[in-house]
Amino acid sequence: MEDIEDLLVGNGSGSPPGFRLPLNAVGVNLKKNKNKPARQLSETPISSKIPGTQTIYIKTFGCSHNQSDSEYMAGQLSSFGYSLSDSPEEADLWLINTCTVKSPSQSAMDTLISKGKSAKKPLVVAGCVPQGSRNVKELDGVSIVGVQQIDRVVEVVEETLKGHEVRLLNRKTLPALDLPKVRKNKFVEILPINVGCLGACTYCKTKHARGHLGSYTVDSLAGRVKTVIDDGVKEIWLSSEDTGAYGRDIGVNLPILLNAIVAELPSDASTMLRIGMTNPPFILEHLKDIAEILRHPCVYSFLHVPVQSGSDAILTAMNREYTVNEFRTVVDTLTELVPGIQIATDIICGFPGETDKDFSQTVSLIKAYKFAQVHISQFYPRPGTPAARMKKVPSNIVKQRSRELTSVFEAFTPYNGMEGRVERIWITDIATDGIHLVGHTKAYVQVLIVAQESMLGTSAIVKITSVGRWSVFGEVIETVNQTNHKSKVPSRKCSARKNVLPVPTAAHVPVSQNLVLVDQRAVEDRMLQNKVMFFRMTCI
């Protein structure tokens, strides 16, 4: 195998560039130390099976971009003949796709690697940790593959199963979008539109791994959308470290891309588009264009815009490159131009230098807008970032502020007033309680319904029967007939009202003949796990 690059143990060994081979496979004469036994570079058993016949366990940490990478790696391994398993015990090799955003994510990776080594499982570690911190001690003795080398995962797995330790990290070109893919949810395509970003946030470790902005072309992304619709996908999530920065490296912008994608969506709105996380600076100049696209019937009226703090002083320390007022402009403009829009945001509590006044300003901002979704996290210093060298806020104060803001946020009742309304929803998942199916309204409000699994991948008209803190409950009135015609990009002169699909009035809602009694609070508690995962998936 050629150009498996980066690291080589033993000079002049004749082994291919980048391989770390067991000592018994390397032609190197080692000096013996009488007091120390020779160190084995690999203690995991070498597989005697034919390559492509083994079973692989894949564990993914982090954001939707990571999930998409895992799905691409799973697709390539499956196409080569490997079996995929959810059981780590029965797997011949573990592939761990890692996240470096927060310390807990990396700690979970460390724990899993330790378990794998104890079980003598061959390990391949992918994702942002090895790409951004290749020399951490937990990666000793395991193979690693970089974030832009996921198209080489079959080679890395094959060599690792032979007992070799491979390190493949050099960045070249972006991985192709048409690689084989095994989706975690067959109805949802997570589509990375670019890698990296243009920012330099002082707390961010992801930039070390994903690097500077690199965008896919408009034609390649539109072509991918067309392909996945033909595959039966019903939701397309655009994924990025910063969606708003898309295209600035190749002479285009986000509205150009979104209009090209919308042109490929079926006109009956049987496949919906969800726009990914975007930081404020790069959408300020495109707010009216973004609003027009968010009003389109094939696009969820939802946007994730992280603010991180309500204090300009802290935003400056974070090097976020916008002010609180500019964030307010984004939210106010989209709220005015996109009826019913839901905006999610993020807050970091206890950033170095945050005073009581700074924190009070953050609380006031969240109270002013009463966001339905707020991802609240404590500050975690990441090694190698400027913020890690700043003077920390005492941990007890950080925890107290996080609890206070969480209490404020959880007191909101964002879905009050929805009971009795009739909404169209798109159904793509099964709830964690195993009873309900999960759908979303045009504004991406989560709706739980009791229905047959055959309704997955369909759209329906529902009546909202009750509301909770994290979701609402609905009763199906009728399913929506779906054709497969392409939609046209709406004219700029079109009113948003002309794009609204007709729904039956409440007077036409039939009385259900098969009532199912559920404990709504219990269901909501079980669904909280889903909301946590949702935030992880939308953080990018």
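So, how was this worked out
- Residues numbered from 1 in each chain as written.
- Predicted model: local features only at pLDDT ≥ 70, side-chain atom pairs only at ≥ 80, totals over all residues.
- Heavy atoms only, no water.
- Helix = DSSP H or I, 4+ residues; strand = E, 2+ residues; numbered from the N terminus.
- Buried < 20%, exposed > 50% of the residue type's maximum accessible area, 1.4 Å probe, protein only.
- Contact = heavy atoms within 4.5 Å.
- Pairing = 2+ DSSP bridges.
- Axes fitted to C-alpha atoms, helices over the stretch in contact; angles between N-to-C directions.
- 1 Å grid on protein atoms, 1.4 Å probe; cavity = no way out; pocket = protein on both sides within 12 Å on 5 of 7 lines; lining within 4 Å.
- Points joined across faces, edges and corners; volume = space filled by probe spheres on them.
- Nonpolar A, V, L, I, M, F, W, Y, C, P; charged D, E, K, R; others polar.
- Phe/Tyr/Trp six-rings, centres within 6.5 Å; stacked < 30°, edge-to-face > 60°.
- Lys NZ or Arg CZ within 6 Å of the ring centre and 35° of its normal.
- pLDDT = per-residue confidence, 0-100.

In terms of helices and strands, the protein carries 13 helices and 20 strands. A buried classification covers 55% of the 540 residues belonging to the protein. A fraction of 75% describes how many contacts in the protein between residues 6 or more apart in sequence connect residues 24 or more apart.

Okay, the sheet that holds strand 8 (residues 188-192) next. An order of 8-11-12 is seen for the 3 strands of this open sheet, with the pairing classed as parallel. This sheet does not close on itself; its edge strands, each paired only once, are strand 8 and strand 12 (272-274). Across the sheet, the axes of successive neighbouring strands diverge by a mean angle of 20 degrees, strand direction being ignored. Bridging between strand 8 and strand 11 (residues 235-239) involves 5 bridges; their strand directions are parallel. For L191, the partnering residue across the bridge sits in strand 11 and is L238. Across the sheet, helix 1 (residues 64-80) touches strand 8 and strand 11, and the angle it forms with strand 8 is around 105 degrees.

The next subject is the sheet that holds strand 15 (residues 373-378). The 3 strands lie next to each other as 13-14-15, forming an open sheet whose pairing is parallel. Two strands close off the open sheet at either side, each with one partner strand: strand 13 (302-304) and strand 15. Sheet twist, expressed as the average angle between the axes of neighbouring strands with direction ignored, equals 15 degrees. Strand direction decides the pairing type here: strand 13 and strand 14 (residues 342-349), joined by 3 bridges, are parallel. Bridge pairing in strand 14 links L303 to I343. The strands touched by helix 12 (residues 395-410) within the sheet are strand 14 and strand 15, with strand 15 carrying the most contacts at an inclination of about 170 degrees.

Before going further, it helps to spend a moment on helix 8 (residues 287-295). Judged by how many residues are buried, helix 8 sits mostly within the fold: 7 of 9 residues are covered. Buried within helix 8 are the following residues: L287, I290, A291, E292, I293, L294 and R295.

Let's shift gears to empty space enclosed by the protein. Throughout the structure, instances matching the rule amount to 4 cavities of 30 Å³ or more. The volume enclosed by the largest cavity comes to roughly 80 Å³. Forming the boundary of the largest cavity are 13 residues, of which H65, D69, I150, P175 and Y216 lie nearest the centre. Among the elements that make up the lining of the largest cavity, the one with the highest residue count is helix 1 (3 residues). Partitioned by chemical class, the residues of the lining of the largest cavity number 9 nonpolar, 2 polar and 2 charged.

Within the structure shown, the criterion is met by 11 aromatic pairs. Note on F302 and Y444: the rings are 5.2 Å apart at their centroids and 35 degrees apart in plane angle, and the pair reads as tilted. Of this pair, F302 sits in strand 13 while Y444 sits in the loop between strand 17 (437-440) and strand 18 (446-449), and the two are 142 residues apart along the sequence. Here the two residues F302 and Y444 agree in accessibility, since each one is buried. Grouping aromatic residues by their ring pairs yields a cluster made of Y300, F302, W426 and Y444. Here R469 stacks its cationic end above the ring of F409, 4.5 Å away from the centre of that ring. Taking the ring centre of W470 as reference, the NZ or CZ of R469 above it sits at 4.5 Å.

Turning our eyes to something else, we now look at the confidence of the model for the protein. Per-chain confidence: the protein averages 80 in pLDDT, with 76% of residues scoring 70 or above. Here residues 1-42 scores under 50 on pLDDT; set against residues more than four positions off or in separate chains, the count is 71 contacts. Scored below 50 in pLDDT, residues 484-524 shows 66 contacts in the model against residues more than four places distant or in partner chains.

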